[in-house]
Every structure is written in structure tokens, then in C-alpha cells.
Amino acid sequence: HRVRGCYLTCTLIVGSCSAHKRAMDREAGSGDAALAIIVHGGAWEMPDHLETSVREGCRTAARAGYEVLASGGTAVEAVEAAVRVMEENPVYDCGRGSVLNAAGEVEMDAMVMDGSTLDAGAVAAVPGVLHPVTLARQVMRQSDHVLLVGDGARAFANEMGHPVTPTSELVTAAARAEFEEYSRKSYDKPVADLFNKPGHDTVGAAAVDRFGVVACATSTGGITMKRPGRVGDSPLIGSGGYADNAIGACSATGHGESLAKYNASYRALSLVPAVNDPTEAINITLDGMLRRVGGRGGLIMVTPDGRVGHGTSTTRMVWASCRGAFGKDQPSDTRDGFHRDRPSPAKL
């Protein structure tokens, strides 16, 4: 254990030095600095009829974030922009597509993290906010705190000028129908149906900007019929997302309690120096989470040198990515996906 700990510490130190050198080189004016953003729209048993809308929504969000990067914006600005696009899209479980808790109300969670400073901001169980990702960024930049919850988060939203968005504007007819169906069942039933059947609909983004700074953001409207006040992984630093210029940025989706227990985002990032492949690091993490705590989910990742990775242990995860170079308006590589890329979790 001591040797493994030493190895991880050394690789993280080396990664930190490399990240600093990349940032210095880019500040000096390198015209081919790698830009990259990857977004996800949830990992769950998505029905076929949603494929077109969720894929297009992710492509639109990734393009919005990439436009920020290409214009010289920061990674934090890019992930916020991408997630805001998805919060406006009712096909996803966040913002206008949130779900109802057991009291028939909406409580949303979100987080943002800056990999250059490890600054982070988050909100949990906040009602009536259309863009909780922006509120999370304001917690990071305009308060002395990392996480605000419930009424305290709503009070801070008022201070920041966020209008109260009524529940009627945050919930779709489909979400109300789901609430009516599951209101006759226990909380365990929607969890089993949506996740371990499996999956869920959190959104997120991870990006690297022209200075080699990475950032992540995650936003969710929760689980139908959850207990009021329940908080999953999404706003928890290290679980719902994590960003560190030494290794990369990651955002999670799936069964919140499992992702929180396994500290999934940080755990996946910590494997990158050893395996040197973001997708492999993700797959190892998801396999381990399924084996250890019995939960499923998905992860996306970006590294400081512009590589992207994605993976899921659910049947489907929707994602999209854009990669290119600073100084060029259009990305050189744009991709998206809907189906799981591998047949089943590996046995490690």
C-alpha cells in the first residue's frame, strides 16, 4: 500500500508540473493549444424514441461550450454554458426537465469546479432556480463557501438575482405522469426501475481551455418520488464531479448514492496517470463501483492535453464531444453516442 501510495503521489506531482508547463507554453502564445469539451445527458435505460432528441441536445450543448473555448473563454465558462443549454431543454432531468419529489416539489442540485485552483461551488435541494449550475458557479466565485443547501441556497439565489421559477415551468407532463405512477409505490421502486434496470438523467460537462485549465459541471433534478431533502452525488465534490489540472476533469451520472459512496469522479481521475487512458480509467471505476456497492452509472472525462473519455455500466448513456485547436473557430473532431460501447462490465 505504501508503494502504491508513493507511486500515485509521484505521478500526481509529475502531472502537476506538466500541467504548469502546458499553461506557461500556452500563455506564451502557442497557436495550436488543444481545446476539448465533452457533455453527457444521463445514463439510464433510455427508450428508443428519445434517441434523436437527447443526442441532438447533447450536440447543441457541446457546440455551445466549444464556441466559448474557441473565442478564448475559460473552461469554467464553457462547462457552465453547455450545462445551461441542457437545463433549458426539458428532455433532460435538470432545469426545465426536473422531476417531483415525494412532496410534489422540485429540488435541484448542481456543482462547478475549477481545476486550476481547486475552487468549487455547489447547491443542493434548491427550489425554484432555472439554472442551478450558474448559482453553483456564483457560490464558487461570490461566496466564501463550497456548498449551500435548501432554503439557504434559495436565499443566496435571491441575493444573486435569480427569479423564482414556479414548479409548473420546471416539470414536464411526462414527469408529472411518472410522479403519479410512483406515488403509489415506495422510493425503492423508482430507484430500481430507473437505475438498476438501470440509469438516470443527470447532465454534465468537462472541458479544457487554451491555457490547459480543466473544469467540470454537473446538474440534476433528482429522482422521482425522492424523500424531500435527499441529495445524491451531483453536488458532492469528488463524486458528482472533480477537476484538477494535474490529471483532468470528470462529471458523473447514475445512481447518486452509489456514486457518492464510491467517490466515483475523483477515483476515475486518480487512475489516469497509471493507465494513461481516460476511457479505461472510467471503465475500471464503473466496474469497481458495480462490484463493491451494486450501483450503475456513467462518467465523462477530459485530460489537460485534450483527450476525452466516456463510459457507462447502464444500458445507454448519451454524450457528445468537440475537440479542436485554439485559433480555429470550428472543431476538428465532433462525436456523439447513445449506446453502450462495450457488451458488459469486465470482471477484474
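About the thresholds
- Residues numbered from 1 in each chain as written.
- Predicted model: local features only at pLDDT ≥ 70, side-chain atom pairs only at ≥ 80, totals over all residues.
- Heavy atoms only, no water.
- Core = buried A, V, L, I, M, F, W, Y, C linked by side-chain atoms within 4.5 Å.
- Buried < 20%, exposed > 50% of the residue type's maximum accessible area, 1.4 Å probe, protein only.
- Helix = DSSP H or I, 4+ residues; strand = E, 2+ residues; numbered from the N terminus.
- Axes fitted to C-alpha atoms, helices over the stretch in contact; angles between N-to-C directions.
- Parallel < 35°, antiparallel > 145°, perpendicular 65-115°, else oblique.
- Left-handed = near helix turned anticlockwise from the far one by under 90°.
- Contact = heavy atoms within 4.5 Å.
- Nonpolar A, V, L, I, M, F, W, Y, C, P; charged D, E, K, R; others polar.
- Patch = residues over 30% accessible without salt bridge, like charges linked within 9 Å, V, L, I, M, F, W, Y side chains within 5 Å.
- Areas by Shrake-Rupley, 256 points an atom, 1.4 Å probe, with all protein chains shown as cover.
- Salt bridge = Lys/Arg side-chain N within 4 Å of Asp/Glu carboxyl O.
- Phe/Tyr/Trp six-rings, centres within 6.5 Å; stacked < 30°, edge-to-face > 60°.
- Lys NZ or Arg CZ within 6 Å of the ring centre and 35° of its normal.
- Pairing = 2+ DSSP bridges.
- pLDDT = per-residue confidence, 0-100.

With respect to the nonpolar core
Alright, step 1. Of all hydrophobic cores here, the largest spans 58 residues; its most connected members are I37, V39, V54, M86 and Y92.
Alright, step 2. Tallying contributions element by element places helix α2 (residues 51-70) first for this core, with eight residues.
Alright, step 3. Listed in part, the 33 residues of the second largest apolar core include I38, A122, C216 and A268.

Examining the packing of helix α9 (residues 264-275) against helix α10 (residues 278-293)
Alright, step 1. Contact pair α9 / α10: the axes reach a minimum separation of 8 Å and the direction vectors enclose 130°. Between α9 and α10, the interaxial angle falls into the category oblique. For the crossing formed where α9 meets α10, the hand is right-handed. Contacts between α9 and α10 involve A264, R267, A268, L271, V272 and V275 from the first element and P278, E280, A281, I282, I284, T285 and M289 from the second.
Alright, step 2. Among the residues forming the contact of α9 with α10, the class breakdown is 10 nonpolar, one polar and two charged.

A word on the environment of V126
Alright, step 1. Note that V126 resides in strand β3 (residues 120-126).
Alright, step 2. Among the residues examined, V126 registers a relative accessible area of 0% and is labelled buried.
Alright, step 3. Remark: the alpha-carbon pair of V126 and R154, spanning 28 residues in sequence, is separated by 5.9 Å.
Alright, step 4. Contacts of V126, omitting those with residues within four sequence positions, involve V106, E107, M108, P132, L135, G150, A153 and R154.

Describing a nonpolar patch on the surface
Alright, step 1. On the surface, V146, L147 and V149 cluster together into a nonpolar patch covering about 230 Å² of accessible area.
Alright, step 2. Relative to the elements of secondary structure, V149 occurs in strand β4 (residues 147-149).
Alright, step 3. The exposure class of V149 is partly exposed, given its relative accessible area of 44%.

Concerning the packing of aromatic side chains
Alright, step 1. Scanning all chains against the criterion turns up one aromatic pair.
Alright, step 2. Judged by centre distance (5.1 Å) and plane angle (80°), the rings of Y242 and Y266 are edge-to-face. Separated by 24 residues along the polypeptide, Y242 in strand β8 (residues 241-244) and Y266 in helix α9 bring together distant segments of the chain.
Alright, step 3. Over the aromatic face of F326 sits the side chain of R210, whose NZ or CZ is 4.6 Å from the ring centroid.

What to know about the pairing of strand β1 (residues 34-44)
Alright, step 1. Burial analysis of β1 places 11 of its 11 residues in the buried class, which makes it a mostly covered element.
Alright, step 2. Of the strand pairs in this sheet, β1 and strand β12 (residues 316-325) are connected by eight bridges, and their pairing is antiparallel. The partner of L35 across the bridge, within β12, is G324.
Alright, step 3. Note that β1 and strand β6 (residues 203-208) share five bridges and pair antiparallel. Its bridge partner lying in β6, H40 is registered against G204.

Here we look at the confidence of the model for the protein chain
Alright, step 1. Looking at the protein chain as a whole, the pLDDT averages 88, with 84% of positions reaching at least 70.
Alright, step 2. Here residues 1-14 scores under 50 on pLDDT; set against residues more than four positions off or in separate chains, the count is eight contacts.
Alright, step 3. When the criterion is pLDDT under 50, residues 195-199 qualifies, and its contacts beyond four places in sequence or with other chains add up to 23 contacts.

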